[in-house]
Amino acid sequence: MNIGIVGLGLIGGSLGLDLRSQGHQVLGVSRRQTTCRVAKERGIVDESDVDLKLMASAEVVFICTPIALIAPTVKQLIPYLAADAIITDVGSVKMPIVEAVSPLWPNFVPGHPMAGTAETGVDAALRNLFVGRPYVLTPIATTPLNAVAMIAQLAASLGSQVYQCSPQSHDRAVAWISHLPVMVSASLLDACTQGETDPTVLELAKQLASSGFRDTSRVGGGNPELGLMMAQYNRSELLRSLYVYRNTLNDLISQIEAENWPGIQEKLARTAQERPEFVKNLN
């Protein structure tokens, strides 16, 4: 199969590595010639260019650009595509993308592979990045079933666990387990660096930071552009989760102020029991 990938960063590059290893012909488009060259040198693509005309022979096209560029990219891509070509995306927010792209192209299957690292760019691309990870498809009533089946088949071939839900349910769910953690983690880093006014103590804190701080701060120290896109494009659901989180913090502050140690112990015991349900599918 001829598969096109527009955007050869971490996700697009990793898709190319895996799909090409399965025998697919992979065509890659990037904004930079240097990225195109590196992608070909690394075996991510068979052919690469900065011109979307390269997608003319693609049967399936993955749009792996930042969220804000997905709809504009599809508009630019349409003149070059065969009428039966399938377009899918990898955006971490679905409803705004569905509303913008579905009217433009009937064979559009909204998707979100939930995998990644803190690194960015074509050099960060990895083989087997999607193995065992969720790959969510969010078709709507007008999405052709054969197109959904094709993207589901490709996602499964990557070793992913394929899920289907509505765009609205996706955005609400990822607000809790992806977008809220990014903002909480970023706020933790901000509190540490801005809240401690004694430079000596702040430097000591940096020297003493260990695995607990590393784990809780990781996503807040990731790609700023991605975090901003989460806030802009999933604003209402992110705000909803942040309000709830703020209330839980206020409750915890009140319990500490009141020296309600049994209440705090009960809360920590409950969260210790709840956490495994959220991470049971992780390696």
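Residues numbered from 1 in each chain as written. Predicted model: local features only at pLDDT ≥ 70, side-chain atom pairs only at ≥ 80, totals over all residues. Heavy atoms only, no water.

- Under an unreviewed UniProt entry, the protein has the name Prephenate/arogenate dehydrogenase and belongs to Planktothricoides raciborskii GIHE-MW2.
- As stated in UniProt under Sequence similarities (unreviewed entry), the record for the protein gives "Belongs to the prephenate/arogenate dehydrogenase family." (UniProt positions renumbered as here; feature names shortened; annotations may be inferred.)

## Re the sheet that holds strand E2 (residues 25-29)
At step 1: Strand order across the open sheet formed by six strands is E3-E2-E1-E4-E5-E6, with parallel pairing between neighbours. What marks the edges here is a single partner per strand, and that holds for strand E3 (47-49) and strand E6 (108-109).
At step 2: Here strand E1 (residues 2-6) runs beside E2; their pairing, made up of five bridges, is parallel. Paired with Val6 across the bridge in E2 is Val29.
At step 3: Strands E1, E2 and strand E4 (60-63) of the sheet are contacted by helix H1 (residues 10-21), whose axis makes an angle of about 165° with E1. (Pairing = 2+ DSSP bridges. Helix = DSSP H or I, 4+ residues; strand = E, 2+ residues; numbered from the N terminus. Contact = heavy atoms within 4.5 Å. Axes fitted to C-alpha atoms, helices over the stretch in contact; angles between N-to-C directions.)

## Side note on the pairing of strand E5 (residues 86-89)
At step 1: With burial as the criterion, each face of E5 is covered, one bearing Ile86 and Thr88 and the other bearing Ile87 and Asp89.
At step 2: Between the parallel pair E4 and E5, the chain is carried across by helix H3 (residues 67-77), and the sense of this crossover is right-handed.
At step 3: Examined bridge by bridge, E5 and E6 share two bridges and lie parallel to one another. Along E6, the bridge assignment pairs Ile87 with Phe108.
At step 4: Where the polypeptide runs from E5 across helix H4 (residues 95-101) and back to E6, its parallel neighbour, the crossover connection is right-handed. (Buried < 20%, exposed > 50% of the residue type's maximum accessible area, 1.4 Å probe, protein only. Right-handed = clockwise from strand over helix to strand, strands pointing away.)

## Comments concerning the pairing of E4
At step 1: Side chains Val60 and Phe62 project from E4 onto one buried face, and the interleaved Val61 and Ile63 project onto a second face that is buried too.
At step 2: Where E1 lies against E4, four bridges are found, and the strand directions are parallel. Bridged to Val6 within E4 is Ile63.
At step 3: Note that E4 and E5 share four bridges and pair parallel. Bridging from a neighbouring strand, Ile63 pairs with Asp89 of E5.

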